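# Descriptive structure summary
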Amino acid sequence: MLALDVHEYTSNKQKKMSSIPLPTTNTLSSSTTTTFSNLHSSSPFFAKTSKISSIIKYNGHRNFQVSCKTIDDNNHEHNSPIDISKKSSYSSSNMIDRRNVLLGLGGLYGASTLVGGLPLAFAAPVDGPDVTKCGPADLPPGAARVNCCPPMTGNIIDFQLPSSPTLRTRPAAHSVDNAYIEKFNRAIQLMKQLPDDDPRSFKQQANVHCAYCDGAYDQLGFPNSELQVHSSWIFLPFHRCYLYFFERILGSLINDPTFAMPFWNWDHPDGMRIPGMYTNTTSSLYDQLRDRRHQPPIMVDLDFNGTDSNISNAQQTSQNLTNMYRQMVSLGRTSETFLGDPYRAGGLPGGGGSLENMAHGAVHIWTGDRTQANFENMGDFYSAARDPIFYAHHSNIDRLWSVWKTLGGRRQDFADPDFLNTSFLFYDEKAQMVRIRVSDVLDSSKLGYVYQNVTNQWINSRPTPRVSRALSSVRRLVEARAADDNVITFPRPKEIFPTKLDHVIKVMVKRPNKKKRNKKEKNEKEEILVVEGLEVETDVFVKFDVLINDEDETLISPENAEFAGSFVNVPHHSHGKGEKNSKRKTKLKLAITELLEDLDAENDENVLVTFVPKNGSGAVKIGGVKIVLED
């Protein structure tokens, strides 16, 4: 048998204010209701050290059994248990399939070492959070102290999909009539009038984003692993869950179960301004902490870098549409490049997808008030959800996820069980805490809502190269370097990285394939530019652009094929392990198969990659860059 000694442990996380016993259940994961023990104080937040017992099914010796897939000497799979208390049983013919070692909510989620120092990294979904140990969020300097933790509840119930949902249609915010605006305004007003300690109140709903994004939560079972819902494959499903319960609460408050929240259609020319319903200063939808220079009729800049562009509305529209094409179509050719990298229990977010890295972050910063120290409200994650427009912004992000899956090719959600079984906790319209999993929310229609059908004009906005291949001086330099490494043109990655991105950096990167591939080969493997070892100061607005075979980086825009993509860090805050400025390590993955087609560079052995800092110069360090082929 696989026998692991399970001991009670004492939390030593001094920063946490709350210490309440974990929920107890009778079985590993089959129970649909979790009950918390009585609190030790009348206040849900108090300083005390507690002992926490792993919630598992014990045998008489305080060990637990895990059925693991094994492979025998004949390469046949078996599901019999393995005893790794004896090191000799762990061999090349007795490998553990980590995805079969999935323990239920509250269980022991993998130790870094086991019996005799045997290393074993369990692959498992990020589960949680452990709401009983919610602590102070890591707020930026100058921010008013706020408790972002939710009020405690006696039970946690498992989410159940509606049996026969009546579809609600979320409308484009710029197209709604006065009756809808009045109803929506009333719903938000009623939410704001609820007591602050009501989990359905606007204040508590806004704090959900703060808790999940700014270090208040740790992953369940991993007291030293902060839970972060950005920069990975859980970004889109988390926010879908968030909006779902927010919308249900609104409908309940106005006794209208058919009510659907609006979406800010900033990817359509008619929606590229702050919708009028949010600009009425007497409305509950108004927020005074928005950039005054970006009020209607000013158009949103989906490539916003902190500086307003002095271009015409027609030019801004064109740039926005090509920017959308890049992140939805050419960069979004695979699950990882669009949804983001995997994020597993005990680990760190691996990197965000194209939609999160580009338009999502740009709209957050563009909307936030530049006169505030931290671009409050929308411009910092801790405060973003205090602005009612946050929910319309993310509703459009949610819509675009659904649209992406209709574009064909390999644009499909992950089938990885660690993705599907990732869970979150939210309060519903009955003030019940609900555990919901990613697998529950992949199809919005099963949740009971769809989106108003709008034209996605960006589909026909494929960027074009600025310079023809025949006239390209960059291509001649690339060919010269490829022919003779002694030619001094641009450095190779190993000659310059790691380094801070505090100036424009140009680097020659070798391609894994210098032969033009046919359509079938391109569909099977995507050529991806990987910017690895990124170290970002999380509390700084960071933006940099990545260009390929560009003649002059000062003139480039998303309208041009040479524009490969962007990286945007919306300021947020985390533990940082005592560092003055919290840092996170991540990477950026850009699909470049279509871009290389547009640049007629498919037969080139090397490409010139340019990094252009646009904001937060020096607040990001690049470890390296390479090009790979990925399934």
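Treat the numbers as computed from the prediction; the structure is a model and nothing was measured. (Residues numbered from 1 in each chain as written. Predicted model: local features only at pLDDT ≥ 70, side-chain atom pairs only at ≥ 80, totals over all residues. Heavy atoms only, no water.)

## Some words on the overall build of the protein chain
Counted only if it meets this: In DSSP terms, a helix is any run of H or I states spanning at least four residues, a strand is any run of E spanning at least two, and both are numbered starting from the N terminus. Accessibility here uses a 1.4 Å probe with only protein chains present; expressed as a share of the type maximum, an area under 20% marks a residue as buried, one over 50% as exposed, and anything in between as partly exposed. Note on definitions: a residue-residue contact is assigned when non-hydrogen atoms from the two residues lie within 4.5 Å. Here the Shrake-Rupley method, with its probe set to 1.4 Å, supplies the accessible areas, and only the displayed protein chains count as covering residues.
From N to C terminus, the protein chain includes 12 helices and 23 strands. For the protein chain, the proportion of its 631 residues judged to be buried stands at 57%. Long-range contacts, defined here as pairs at least 24 residues apart, represent 76% of the contacts in the protein chain between residues at least 6 apart. Accessible area for the protein chain stands at about 25800 Å²; split by element, carbon and sulfur atoms hold 48% of it.

## Things to note about the pairing of strand β13 (residues 433–437)
Convention followed: Strands pair, by our definition, only if DSSP identifies at least two bridges between them.
Burial within β13 is extensive, with four of its five residues counted as buried. Here strand β8 (residues 155–158) runs beside β13; their pairing, made up of three bridges, is parallel. Residue pairing for β13: Ile 156 is matched across the bridge by Met 433. The pairing of strand β12 (residues 423–427) with β13 spans five bridges and is classified as antiparallel.

## Some words on the sheet that holds strand β16 (residues 505–510)
Within a sheet, adjacent strands bond to each other through the backbone by hydrogen bonds, running parallel or antiparallel. Filter applied, for reference: Think of each axis as a best-fit line through the C-alpha atoms, taken over the contacting stretch in the case of a helix, with angles from 0 to 180 degrees between the N-to-C directions.
The strand order across the open sheet formed by four strands is β16-β21-β18-β19, and the pairing between neighbours is antiparallel. Of all the strands in the sheet, the pair left with one neighbour each is β16 and β19 (563–569). The average undirected angle you get between the axes of adjacent strands in this sheet is 20°. Two elements, strand β18 (residues 542–548) and strand β21 (residues 606–615), share six bridges in a ladder whose sense is antiparallel. Its bridge partner lying in β21, Leu 547 is registered against Thr 610.

## Some points on the packing of helix α2 (residues 202–213) against helix α3 (residues 235–253)
What counts is decided by this rule: Should an angle lie under 35 degrees it is considered roughly parallel, over 145 roughly antiparallel, and from 65 to 115 roughly perpendicular; all remaining angles are considered oblique. All residues other than Ala, Val, Leu, Ile, Met, Phe, Trp, Tyr, Cys, Pro, Asp, Glu, Lys and Arg, Gly among them, are scored as polar; the first ten of these are nonpolar and the last four charged.
Look at α2 against α3: their axes get within 11 Å of each other, and the N-to-C directions meet at 175°. Here α3 runs roughly antiparallel to α2, going by the angle between their axes. Contacts from Phe 202, Gln 205, Ala 206, Val 208, His 209 and Tyr 212 of α2 reach α3 at Phe 238, His 239, Tyr 242, Phe 246 and Ile 249. Its residues placed into classes, the contact of α2 with α3 shows eight nonpolar, three polar and no charged.

## Regarding the side chain of Asn 323
Locating Asn 323 in the fold gives a position in helix α4 (residues 313–330). Judged by its relative accessible area of 1%, Asn 323 falls in the buried class. Non-local contacts of Asn 323, meaning those with residues more than four positions away in its chain, are made with Leu 302, Asp 303, Met 358 and Pro 558.

## Some thoughts on the packing of aromatic side chains
Each aromatic ring pair is characterised by the separation of its centres together with the angle its planes make. How we decide: The aromatic pairing rule takes the rings of Phe, Tyr and Trp, using the six-membered ring of Trp, and pairs them if the centres are within 6.5 Å, calling planes under 30 degrees apart stacked, those over 60 edge-to-face and the rest tilted. Two conditions define a charge sitting above a ring: the NZ of Lys or the CZ of Arg must be within 6 Å of the ring centre, and it must be within 35 degrees of the ring normal.
Taken as a whole, this structure holds 33 aromatic pairs when the rule is applied. Here the aromatic rings of Phe 238 and Phe 424 are separated by 5.4 Å at their centres, their planes lie at 75°, and the arrangement is edge-to-face. Of this pair, Phe 238 sits in helix α3 while Phe 424 is found in strand β12, placing the two residues 186 residues apart along the sequence. Just above the ring of Tyr 449 sits the side chain of Arg 170; from NZ or CZ to the centre is 3.7 Å. A cation over an aromatic ring shows up here: Lys 192 above the ring of Phe 202, its NZ or CZ 5.1 Å from the ring centre.

## Observations concerning the state of the cysteines
Put simply, the test is: Whenever a pair of cysteine sulfur atoms sits within 2.5 Å, that pair is classed as a disulfide.
All chains considered together, the criterion is met by two disulfides. Residue Cys 134 pairs covalently with Cys 149 via a disulfide, S to S 2.0 Å. As the torsion about the S-S bond is roughly -90°, the Cys 134-Cys 149 disulfide counts as left-handed. Of this pair, Cys 134 sits in the loop between β7 (77–78) and β8 while Cys 149 sits in the loop between β7 and β8; the two residues are 15 residues apart in sequence, bridging distant segments of the chain. Accessibility expressed as a relative area gives 1% for Cys 134, which makes it buried. Disulfide pairing places Cys 148 opposite Cys 210 at an S-S distance of 2.0 Å.

## Some remarks on unusual backbone geometry
Residue Asn 377 is reached from Glu 376 by a cis peptide bond, and omega for that bond is -5°. The omega angle of the peptide bond from Phe 497 to Pro 498 is 5°, so this bond is cis rather than trans. Here Pro 498 lies in the loop between α10 (473–483) and β15 (499–500). If you check the backbone angles, Ala 431 has positive phi at about 65° while not being a glycine. Structurally, Ala 431 can be placed in the loop between β12 and β13. The class for Ala 431 is partly exposed, based on a relative accessible area of 30%. Even without glycine at this site, Asn 549 takes up a positive phi of about 50°.

## Description of the pattern of salt bridges
Formally: Each salt bridge in this description consists of a side-chain nitrogen of Lys or Arg and a carboxyl oxygen of Asp or Glu lying within 4 Å of one another.
Considering all chains together, one arrives at 36 salt bridges under this definition. Note that Lys 520 and Glu 524 form a salt bridge whose closest N and O atoms lie 2.5 Å from each other. With Lys 520 and Glu 524 both in helix α11 (residues 519–524) and four residues apart, this pair spans about one turn of that helix. Residue class for Lys 520 comes out exposed when judged on its relative accessible area of 54%.

## What to know about the nonpolar core
How we decide: Each nonpolar core is a collection of buried residues, namely Ala, Val, Leu, Ile, Met, Phe, Trp, Tyr and Cys, held together in the definition by side-chain atoms within 4.5 Å.
In this structure, Tyr 212, Trp 266, Met 328, Tyr 391 and Phe 424 are the most contacted members of the largest nonpolar core, which totals 107 residues. Here the element with the most residues in this core is α3; it accounts for 12 residues. Among all residues touching Trp 266, those that are not within four sequence positions of it are Gly 271, Met 272, Val 300, Leu 302, Met 324, Ala 359, Val 363, His 393, Asn 396, Ile 397 and Leu 400. Ile 505, Val 531, Phe 544 and Leu 590 belong to the second largest nonpolar core, which has 37 residues in total.

## Description of the packing of α4 against helix α6 (residues 354–367)
The test is simple: Handedness of each helix crossing follows the sense of rotation of the near helix against the far helix: counterclockwise by less than a right angle gives left-handed, clockwise gives right-handed.
Taken N-terminus to C-terminus, the directions of α4 and α6 make an angle of 160°; their axes are 9 Å apart at the nearest point. Here α4 is positioned roughly antiparallel relative to α6, judged by the angle of their axes. Judged by the twist between their axes, the crossing of α4 over α6 is left-handed. Residues Asn 323, Met 324, Gln 327 and Met 328 of α4 pack against Ser 354, Leu 355, Met 358 and Ala 359 of α6. Considering only residue class, the contact of α4 with α6 consists of five nonpolar, three polar and no charged.

## Concerning the environment of Glu 630
Let me state the cut-off plainly: Contacts described as polar in this section are N or O atom pairs within 3.5 Å, which, within protein, must combine one atom able to donate a hydrogen with one able to accept it, while residues neighboring in sequence count only if both atoms come from side chains.
Residue placement: Glu 630 occurs in strand β23 (residues 624–630). Each C-alpha atom, one on Glu 630 and one on Glu 336, is 10.0 Å from the other, the two residues being 294 residues apart in sequence. Setting aside chain neighbours within four positions, we find Glu 630 in contact with Glu 336, Arg 410, Glu 524, Lys 525, Glu 526, Ile 528 and Lys 589. Within the structure, the side chain of Glu 630 is placed 3.1 Å from the side chain of Lys 589, a separation counted as a polar contact.

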